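Here's the letter readout for the chains.
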Amino acid sequence: MAEEPLDALVICGSLRKGSYNAALARMLPALAPAGMKLRSAPSFANLPIYDYDIQAAGGFPPEANAWADAIRGADALIIVTPEYNWSIPGGLKNAIDWVSRMKDQPFKDKPVALQSAAGGILGGSRAQYHLRQCLTSVDAILFGRPEVIVTFAPQKFDEKTLELKDPTAIDLIKQQLAAFEKFARRVTGKG
Amino acid sequence: MASLNVLTLCGSLRKGSYNAMLQRALPGLAPGGMTLKPAPSFAEFPLYNADIQNSTGFPAAVNTLADAIRAADGVIFCTPEYNFGIPGGLKNAIDWVSRLPNQPFAGKPVALQSVSPGPLGGGRVQYDMRRAMVFLDAFTLNKPEIFVGGCASKFDEKTGEVKDEATRGFIKQQLAAFATFITQVAPKK
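Residues numbered from 1 in each chain as written. Chains lettered and ligands numbered in written order. Predicted model: local features only at pLDDT ≥ 70, side-chain atom pairs only at ≥ 80, totals over all residues.

J.: Explain the overall build of chain A to me, and be specific about the residues and the numbers.
T.: If you tally the helices and strands in chain A, you get seven helices and six strands. Ordered by position from N to C terminus, the α and β elements of chain A give β-α-β-α-α-β-α-β-α-β-β-α-α. C-alpha extents for chain A along the principal axes are approximately 50 × 45 × 25 Å. Relative to its full complement of 191 residues, chain A shows a buried share of 47%. (Helix = DSSP H or I, 4+ residues; strand = E, 2+ residues; numbered from the N terminus. Buried ≥ 20, exposed ≤ 12 C-beta atoms within 10 Å, placed from the backbone.)

Structure follows, in structure tokens:
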């Protein structure tokens, strides 16, 4: 069956180069099912802090439009994020805040899967539950289980290459991506 | 009452913000001895990135805000709710200062207020803020909570004044309770 590939956009919540979450995001193409094509979202690093007065005076910054267009153009989203202070990183939340104000709001009806990696025992789960709350507000369609919560990240990634080497985590990610592909196809009616 | 120096931090950047109106109204509703002043802006903070911190250190504006928090006896947040959560800009400011040595929120008394046009008045953002404040070891005041819902009818658009009497009453009660709380939780000098 020659299905059209499901085009999934990967958004990373961390900006630093050595991020475990960025490393996790880079692993995904190798772990995705054959029918899923993954690409990275444009950066939100240079977005100003959301201010309605900026929007009213000069419209949306080009970076906000580029980010929104990438989301609109994708069939599905995978957000891979660290947890900062028991919640969503401010930078990622700021990007969501910007695009949420757009006409043709890009998250609407978009299937979203969540992943997080963190050094501790909770693996960034608190950021994931906050994201679920915020993505409900923008009418995204949230994938349920399996959840990908990579705990004790420093033990699971190769120190030098930052490659994920934990077989249990790898297996879980494969399961999530396979299930997410089916879910995304079902809810978007694609294939 | 001992004199208390309280910093107010608004989560919105826009000029016409109802939360900024609330912030500006607080000095007129505060108990005797409590002095309120607005925090320095976080509008120009870059988005948090550990690589910036490690290469060029903390941006000057981050240190300015952190110093203002450290110097205050307490902090009051007046914030809108964006997408059922904390505005990204405010969370980014918290993320930056959280990484500083001598983390400024540690042991700091905090009170929360929110304004929104809807019926919940920003209820969800306050609980997210409470959670982040736990991680930062701040002491967050429990009650009374200030949720200003249906805000369009509660402020004078021209003067920015809180014209709703019940709301003014709640705010006065919270500020008085916050003064007591600050005294209660502050390390004894």
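That was the structure; now back to the text.
J.: Lay out helix α4 (residues 88-98) of chain B in plain terms, naming residues and giving numbers.
T.: Along α4 of chain B, 10 of the 11 residues are buried, which leaves the element largely enclosed by surrounding structure. Restricting attention to buried positions, one finds in α4 of chain B the residues Gly88, Gly89, Leu90, Lys91, Asn92, Ala93, Ile94, Asp95, Trp96 and Val97 of chain B. On its buried face, α4 of chain B sits against α4 (90-100) of chain A together with α3 (60-71), β3 (74-79) and α5 (123-135) of chain B. (Contact = placed C-beta atoms within 7 Å.)

J.: Just give me the short version of the environment of Phe58 of chain B, but keep the residues and values in it.
T.: All names here are of chain B. Tracing the sequence through the fold places Phe58 in the loop between α2 (50-56) and α3. Assessed through the 17 C-beta atoms surrounding it within 10 Å, Phe58 is described here as partly exposed. Sequence-wise, Phe58 and Ala179 are 121 residues apart; in three dimensions their C-alpha atoms are separated by 32 Å. Look past the residues within four positions of Phe58 in its chain and what remains in contact with it is Gln53, Asn63 and Leu100.

J.: Can you lay out the nonpolar core for me, pointing to particular residues and giving the numbers?
T.: Judged by nonpolar contacts, the single largest core of 118 residues is most densely connected at Ala8, Val10 and Leu77 of chain A together with Val110 of chain B. Setting aside residues up to four positions removed in sequence, Ala8 of chain A forms contacts with Met36, Lys37, Leu38, Ala74, Asp75, Ala76, Leu77 and Ile78 of chain A. (Core = buried A, V, L, I, M, F, W, Y, C linked by C-beta atoms within 7 Å.)

J.: I'd like a rundown of the confidence of the model for chain B, residues and numbers included.
T.: On average, chain B scores 95 in pLDDT, and the residues at 70 or more come to 98%. Reported confidence for the predicted complex is 0.78 by ipTM and 0.87 by pTM. (pLDDT = per-residue confidence, 0-100.)

J.: Describe unusual backbone geometry, with residues and values.
T.: Between Arg145 of chain A and the following residue, Pro146 of chain A, the backbone shows a cis peptide bond with an omega angle of 5 degrees. Turning to its location among the elements, Pro146 of chain A is positioned in the loop between β5 (141-142) and β6 (148-150). Going from Lys143 of chain B to Pro144 of chain B, the amide bond is cis rather than trans, its omega being -5 degrees. With respect to the element layout, Pro144 of chain B can be found in the loop between β5 (139-140) and β6 (146-148). Phi angles above zero are rare outside glycine, and Asn85 of chain A is one such case at about 50 degrees.

J.: So, α4 of chain A: which residues are in play, and what are the values?
T.: With 11 of 11 residues buried, α4 of chain A lies mostly within the body of the structure. Those residues of α4 of chain A that sit buried are Gly90, Gly91, Leu92, Lys93, Asn94, Ala95, Ile96, Asp97, Trp98, Val99 and Ser100 of chain A. For α4 of chain A, the secondary structure elements touched by its buried residues are α3 (62-73) and α5 (125-137) of chain A together with α4 of chain B.

J.: Which residues make up the packing of α4 of chain A against α4 of chain B, and what are the values?
T.: At a minimum axis separation of 7 Å, α4 of chain A and α4 of chain B run at an interaxial angle of 170 degrees. By the angle class used here, α4 of chain A and α4 of chain B are roughly antiparallel. Of α4 of chain B, the residues touching α4 of chain A (which contributes Gly90, Gly91, Lys93, Asn94, Ala95, Ile96 and Asp97 of chain A) are Gly88, Gly89, Lys91, Asn92, Ile94 and Asp95 of chain B. Across the contact of α4 of chain A with α4 of chain B, the residue classes break down as three nonpolar, six polar and four charged. (Axes fitted to C-alpha atoms, helices over the stretch in contact; angles between N-to-C directions. Parallel < 35°, antiparallel > 145°, perpendicular 65-115°, else oblique. Nonpolar A, V, L, I, M, F, W, Y, C, P; charged D, E, K, R; others polar.)

J.: Can you break down the interface of chain B and chain A residue by residue, with the values?
T.: A common way to state how big an interface is: give the accessible area lost once the parts meet. Across the contact, 31 residues belong to chain B and 30 residues belong to chain A. Within the residue set of the side of chain B that touches chain A, elements represented by two or more residues are α2, α4 and α5 of chain B. At seven residues, the largest contribution of residues to the side of chain B that touches chain A is made by α4 of chain B. The class makeup of the residues in the side of chain B that touches chain A is 16 nonpolar, seven polar and eight charged.

J.: If you had to explain the packing of α3 of chain B against α4 of chain B to someone new, which residues and values would you point to?
T.: Residues and elements named next belong to chain B. Closest axis-to-axis distance for the α3/α4 pair is 10 Å, and the angle between their directions is 80 degrees. Comparing the axis directions of α3 and α4 gives the class roughly perpendicular. Within the contact between the two elements, α3 uses Val62, Leu65, Ala66 and Ile69 and α4 uses Ala93, Trp96 and Val97.

J.: Tell me what's going on with the pairing of strand β4 (residues 111-117) of chain A, and back it up with residues and numbers.
T.: Residues and elements named next belong to chain A. Of all seven residues in β4, seven are buried, a share of seventy percent or more. A two-sided burial pattern is seen for β4, the buried positions comprising Pro111, Ala113, Gln115 and Ala117 on one face and Val112, Leu114 and Ser116 on the other. Alignment of strand β3 (residues 76-80) against β4, held across four bridges, turns out to be parallel. Each residue of the ladder has a partner; that of Val80, found in β4, is Gln115. Following the backbone out of β3, through α4 and into the adjacent parallel β4, one traces a crossover that is right-handed. (Pairing = 2+ DSSP bridges. Right-handed = clockwise from strand over helix to strand, strands pointing away.)

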